[in-house]
Amino acid sequence: GQTGTVTQRIRKAVRVEGIVQGVGFRPFVYTLASGLSLGGLVGNDADGVFAEVEGSAAAVEQFLRRLTDEAPPLARVDRVRSWPLEVADSAGQDDQYDRDGQRGPGAFTIVASPERSGPPRALVSPDTATCADCLRELADPADRRFGYPFINCTNCGPRFTIVRDVPYDRARTTMAAFTMCHACQAEYRDPANRRFHAEPTCCPACGPTLTLTRPDGTVLAGPPAAEGLAGDPIAEAARRLRDGQILAVKGLGGYHLATGASSAQATATLRARKHREDKPFAVMAADLAAARTLVEVSPAAADLLTSPARPIVLLPRHPDAPVAPAVAPGNRQLGVMLPYTPLHHLLLAAVGGPIVLTSGNVSDEPIAYQDEDARDRLATIADAFLAHDRGIHIRTDDSVARPSGNKKTLLRRSRGYAPEPVRVRTRFRRPVLACGAELKNTFALAQGDAVVISHHIGDLENAETLRSFTEGIEHLGRLFGIEPAVVAHDLHPEYLSTKYALELDGVDLIGVQHHHAHIASCLADNGADGPVIGVAFDGTGYGLDGTIWGGEFLVAELASFERVGHLAPVPMPGGAAAIRQPWRMAAAYLPESAGLAVAGRHEDQWAAVLSMARQGVNSPLTSSAGRLFDAVSALLGIRDTINYEGQAAVELEQRADPAERGSYRAAITPGAPFTVAGTDLVRAAADDLAGGAEAGVIAARFHHGVAQLIEDGCRAVRDRTGLGTVALSGGVFQNLLLLSETVTRLEGRGFRVLTHAQVPCNDGGISLGQAVIAAAQDTS
């Protein structure tokens, strides 16, 4: 051995924070430390990963540097702290930490997680698609996990949906019910193995099993041990899907309903049984090559489709795509996803074609995730159940995304993304709960500089969804150790999320205006504080004056906002009925409408609706951009009544002729706030229609007209305030035609434009906005 300072040993304590549990971080630390000849220990606790390393100063420094640079693929290291400790003596001070039979300060060990004391701060990893290594084993006849539908490792598999509590150990997941066999134990304890300390590790001998049953529970195929049935559940399920049957399939975060995507009869039957008339179904394709036969896949789209999150990706469909018309009626786009569990990979390979995979629920209910509840609720829809005995602890819907240029836009942030925190520039002085909106609800819990946004909860319109909301708040609060002192909520007094907030004791409440929350969400998404010109266009939001807002120009920062302009208000004849029946909005926008086809189609009610609107009887005023789109959609005969939120606007966008460059103009009346005459666009559309123009041409001119009025409004605000940055938010900007046209126009006028990337522009992003507004206003 050498002498002098080279051999001097140092010992350091290390604390790693971020997504470092359930992602192979301890084995990574073990391998790294052992490779550098460092002694010490590593373990999980409520705060993340703790370690002690002992060895030469150079090796310790190298260890600390590589800890971040070479972290496992699923890890997200937010912070590494270290501080000096006394060097262990050779008597073996480490004995108390030893659990793998090694001794002395020269050995490196993985230690058991201590009993939890105090609130947890460790982050839980999202569920992650099956990795390439596991897929190779799945397809290898010589491998002991060949064809096993629950194969996983440190780098992939279930996480958030199976975690009951932290620190993340098998005993605190739904895998606790399965005792590892000797072979799995050996892998779990082998530092050189990919499954070293991978908590959901299992195999056919010791893990979950798959069974195909009738709705009444009669077993059709299962493992050989099950009543002597040796039938392969996947082969039998695939045969039934090819025969046009509908299957309930238990996934990662809940049950799906599946059927062959190319069968017109099967998809129509699924629509009828699920009571889902027009809303598009998602389609699962076996791989990227199969996806390319259905939709146009750009490089950005390919990245999204194959990302570990595996969202449903909305893409332009090929006219000759081999899918039945009932999959996405009248829609130029198709929501496509790739398999993200081994079960999906096996099933798609066996079916030999794309399948519809839609949430396991009846329209408007939350996705079913508990076995008994799923059988009760889906028995009248599914012909058979392909299920397994690994529990799902928290229901999590599929995420929905689409490429926007070369970046991703999320329309629903759920499985694969939740509960990864969004880091914000704001510091939360006190922990915050943001209750979100009524539709597309998510809630958020925030502390430090992190906002944990929940999985997609859905529309808070029934008891089951409300229960999902309240249980979710409790579960995430426990997992992340966040006990809110401040609670932010929407101003609408009838929202169930608002009522929930108002009933809480011992917290400070902050009411947040809906459209301010939209713009603040966009600011937080972009790491900006404002002030900006905020354009918040959506269907409904409770205004400060008690009317329904939704076509808003704001000057906004996190703490406050001013309404500087809006679409001129019009009546909504029949209130909520006008949302379900867009033809009523056509009447409200065109009182001089005699002779129009839309009036003729509703001759028996038209005069009464006009009178209702004129007199203001059950006709609340709205400045909503969503209702403006509804009026034009009905005027053109595209959609008089809707079956899902936003349908009239979605179908209007689909009809727009991409070759048309003409535009309508809406007058702006100066004032504080200024008003924009949406009526001008509707009248111009009616005139073109009367003159024989095609619906596609009119739809395109209308979209360009809305982009033009946004440009005009923003220029007016810039002239008054000097502000040069615009934030675009609200569900209307899910419209890709409008969004791209608006961004192009604004950037052409020298504006910097902020749009959403990490959270949806729709109401799914509201909770983030509420959280950062609460932080900015929490100065007590």
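Owing to the predicted nature of the structure, the values given are computational and were not obtained by experimental measurement.

**Details of the packing of helix H18 (residues 625-635) against helix H20 (residues 678-690)**
Moving on, step 1. Axis separation between H18 and H20 bottoms out at 10 Å; the angle between their running directions is 10°. Taken together, H18 and H20 sit at an angle that is classed as roughly parallel. Of the residues in H20, those in contact with Leu628, Val632 and Leu635 of H18 are Gly678, Leu681, Val682, Ala685, Ala686 and Leu689.
Moving on, step 2. Its residues assigned to classes, the contact of H18 with H20 comprises eight nonpolar, one polar and no charged.

**Regarding the environment of Pro200**
Moving on, step 1. Assignment of secondary structure puts Pro200 in the loop between helix H4 (182-189) and strand S6 (210-213).
Moving on, step 2. Relative accessible area serves as the criterion here: at 0%, Pro200 is assigned to the buried category.
Moving on, step 3. For Pro200 and Phe150, which are 50 residues apart along the polypeptide, the C-alpha to C-alpha distance reads 9.1 Å.
Moving on, step 4. Once you skip the residues sitting within four places of it in the chain, Pro200 turns out to touch Asn152, Pro158, Arg159, Ile162, Tyr168, Arg170 and Met175.

**Some details on the sheet that holds strand S16 (residues 407-412)**
Moving on, step 1. Pairing is mixed in the open sheet, where 11 strands are placed in the order S7-S6-S14-S8-S9-S13-S10-S12-S11-S15-S16. This sheet does not close on itself; its edge strands, each paired only once, are strand S7 (219-221) and S16. Taking each pair of neighbouring strands and ignoring which way they run, the sheet shows an average axis angle of 35°.
Moving on, step 2. Packing of helix H9 (residues 342-351) onto the sheet brings it into contact with S6, strand S8 (247-250), strand S10 (282-284), strand S13 (355-359) and strand S14 (384-388), and relative to S13 it is tilted by some 145°.

**Digging into the side chain of Ser624**
Moving on, step 1. Along the chain, Ser624 turns up in the loop between strand S25 (621-622) and H18.
Moving on, step 2. At 3.1 Å, the side chain of Ser624 and the backbone oxygen of Asp538 are in polar contact.
Moving on, step 3. Separated by 2.7 Å, the side chain of Ser624 and the backbone oxygen of Gly539 make a polar contact.
Moving on, step 4. Setting aside residues up to four positions removed in sequence, Ser624 forms contacts with Asp538, Gly539, Ile548, Trp549, Gly550, Gly551, Leu567 and Tyr589.

**What about unusual backbone geometry?**
Moving on, step 1. That bond from Ala418 to Pro419 is cis: its omega, 5°, falls within 30 degrees of zero.
Moving on, step 2. Inspection of the secondary structure puts Pro419 in the loop between S16 and strand S17 (422-434).
Moving on, step 3. In this model, Ala672 is joined to Pro673 through a cis peptide bond whose omega is 0°.
Moving on, step 4. In this structure, Pro673 sits in the loop between strand S26 (668-669) and strand S27 (674-676).
Moving on, step 5. The backbone of His197 sits at a positive phi, close to 60°, despite the residue not being glycine.
Moving on, step 6. Turning to its location among the elements, His197 is positioned in the loop between H4 and S6.
Moving on, step 7. Backbone geometry at Lys440 places phi at a positive 50°, although glycine is not the residue there.
Moving on, step 8. Along the chain, Lys440 falls in the loop between S17 and strand S18 (444-453).

**Quick look at the environment of Pro223**
Moving on, step 1. Within the fold, Pro223 resides in the loop between S7 and helix H5 (233-242).
Moving on, step 2. The exposure class of Pro223 is partly exposed, given its relative accessible area of 24%.
Moving on, step 3. Distance from Pro223 to Glu52, taken between C-alpha atoms, is 45 Å for residues 171 residues apart in sequence.

**Notes on the sheet that holds S18**
Two pairing modes exist for strands in a sheet, parallel and antiparallel, and in both the strands are linked by backbone hydrogen bonds.
Moving on, step 1. Taking strand neighbours across the sheet as the criterion, the four strands line up as S18-S17-S19-S20 in an open arrangement whose pairing is mixed. In this open sheet, the two strands that pair with only one neighbour each are S18 and strand S20 (508-512). Looking at each pair of strands side by side, their axes are set apart by 60° on average, direction ignored.
Moving on, step 2. The sheet contact formed by S17 and S18 spans six bridges and is antiparallel. Along S18, the bridge assignment pairs Leu433 with Leu445.
Moving on, step 3. Its contacts with the sheet place helix H23 (residues 766-777) against S17, S18, strand S19 (486-490) and S20, and it is angled at close to 80° to S17.

**What to know about the confidence of the model for the chain**
Moving on, step 1. The predicted model of the chain averages 92 in pLDDT, with 95% of residues at 70 or higher.
Moving on, step 2. Every residue in residues 1-5 is under pLDDT 50, and counting partners more than four places away or in other chains gives one contact.
Moving on, step 3. Of the regions scoring below 50 in pLDDT, residues 90-104 engages in 30 contacts with residues more than four places distant in sequence or in other chains.

**Re the packing of aromatic side chains**
Moving on, step 1. Inspection of the entire model under this criterion finds 12 aromatic pairs.
Moving on, step 2. Aromatic pair Tyr30 and Phe196: ring centres 5.3 Å apart, planes at 70°, arrangement edge-to-face. Residue Tyr30 is found in helix H1 (residues 25-35), and its partner Phe196 is found in the loop between H4 and S6; the two are separated by 166 residues along the sequence.
Moving on, step 3. Of the residues examined, Tyr30 reaches a relative accessible area of 11% and is grouped as buried.
Moving on, step 4. On the basis of relative accessible area, Phe196 is assigned to the buried category, the value being 1%.
Moving on, step 5. Pairing Phe553 with Phe674 gives two aromatic rings, centres 5.3 Å apart and planes at 50°, and the pair type is tilted. Of this pair, Phe553 sits in strand S22 (residues 548-556) while Phe674 sits in strand S27, placing them 121 residues apart in sequence.

**Here we look at the pattern of salt bridges**
Moving on, step 1. Taken as a whole, this structure holds 53 salt bridges when the rule is applied.
Moving on, step 2. For Glu741, the salt bridge is made with Arg661, and the minimal N-O distance between the two is 3.2 Å. Of this pair, Glu741 sits in helix H22 (residues 736-748) while Arg661 sits in the loop between helix H19 (647-655) and S26, and the two are 80 residues apart along the sequence.
Moving on, step 3. Judged by relative accessible area, which is 11%, Glu741 ranks as buried.
Moving on, step 4. By relative accessible area, Arg661 is classed as exposed at 54%.
Moving on, step 5. Between Arg745 and Glu741 there is a salt bridge, and its shortest N-O distance comes to 3.1 Å. Here Glu741 and Arg745 lie together in helix H22, a separation of four residues that amounts to about one turn. In this pair, the class of Arg745 matches that of Glu741, namely buried.
Moving on, step 6. One connected set of salt bridges, linked through shared partners, spans Arg661, Glu711, Arg715, Glu741, Arg745 and Arg749.

Cut-offs and rules
- Residues numbered from 1 in each chain as written.
- Predicted model: local features only at pLDDT ≥ 70, side-chain atom pairs only at ≥ 80, totals over all residues.
- Heavy atoms only, no water.
- Axes fitted to C-alpha atoms, helices over the stretch in contact; angles between N-to-C directions.
- Helix = DSSP H or I, 4+ residues; strand = E, 2+ residues; numbered from the N terminus.
- Parallel < 35°, antiparallel > 145°, perpendicular 65-115°, else oblique.
- Contact = heavy atoms within 4.5 Å.
- Nonpolar A, V, L, I, M, F, W, Y, C, P; charged D, E, K, R; others polar.
- Buried < 20%, exposed > 50% of the residue type's maximum accessible area, 1.4 Å probe, protein only.
- Pairing = 2+ DSSP bridges.
- Polar contact = N/O pair within 3.5 Å; in protein donor to acceptor, adjacent residues only side chain to side chain.
- pLDDT = per-residue confidence, 0-100.
- Phe/Tyr/Trp six-rings, centres within 6.5 Å; stacked < 30°, edge-to-face > 60°.
- Salt bridge = Lys/Arg side-chain N within 4 Å of Asp/Glu carboxyl O.

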